[in-house]
Amino acid sequence: MRMASLLLVAAIAACADDEPPPPEPEARGRAETRSIRNTEAIGYSGDAIADKLDASLEAQEEAERRRRAQAEQQADGAGEAAP
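A short tour of the structure in this document, coming up.

Conventions we followed
- Residues numbered from 1 in each chain as written.
- Predicted model: local features only at pLDDT ≥ 70, side-chain atom pairs only at ≥ 80, totals over all residues.
- Heavy atoms only, no water.
- Helix = DSSP H or I, 4+ residues; strand = E, 2+ residues; numbered from the N terminus.
- Buried < 20%, exposed > 50% of the residue type's maximum accessible area, 1.4 Å probe, protein only.
- Polar contact = N/O pair within 3.5 Å; in protein donor to acceptor, adjacent residues only side chain to side chain.
- Contact = heavy atoms within 4.5 Å.
- Salt bridge = Lys/Arg side-chain N within 4 Å of Asp/Glu carboxyl O.

## What to know about the side chain of Thr33
- Of note, Thr33 is situated in the loop between helix H1 (2–15) and helix H2 (34–37).
- When its relative accessible area of 0% is taken as the criterion, Thr33 is described as buried.
- Side-chain polar atoms of Thr33 contact the side chain of Asp54, separated by 2.6 Å.
- For Thr33, the residues in contact, after removing those within four places along its chain, are Ala50, Leu53, Asp54 and Leu57.

Structure below.
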């Protein structure tokens, strides 16, 4: 009986996994679209949808930056033209 117990303990110890779990993959895309990427589990191409939405949001933000820069230039130019 003692030998069977030792064998059982040895078998359990041999099965123990000392390796750490693999690291989580780095999240892709913007925080706003990460939940869309999880739709692959229900049959949608979540990565493709999220990539297009990310590109659209980035383009919208870039257009807003250009509008603001243009407005600042016009405001600076109007201030210099006044005597």
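## Quick look at the pattern of salt bridges
- Taken as a whole, this structure holds ten salt bridges when the rule is applied.
- Close ionic contact of Glu61 with Arg30 constitutes a salt bridge, the shortest N to O distance being 2.8 Å. On the criterion of sequence distance, the pair formed by Glu61 in helix H3 (residues 46–81) and Arg30 in the loop between H1 and H2 is long-range, its members being 31 residues apart.
- Glu61 gets classed as partly exposed once you look at its relative accessible area, which sits at 35%.

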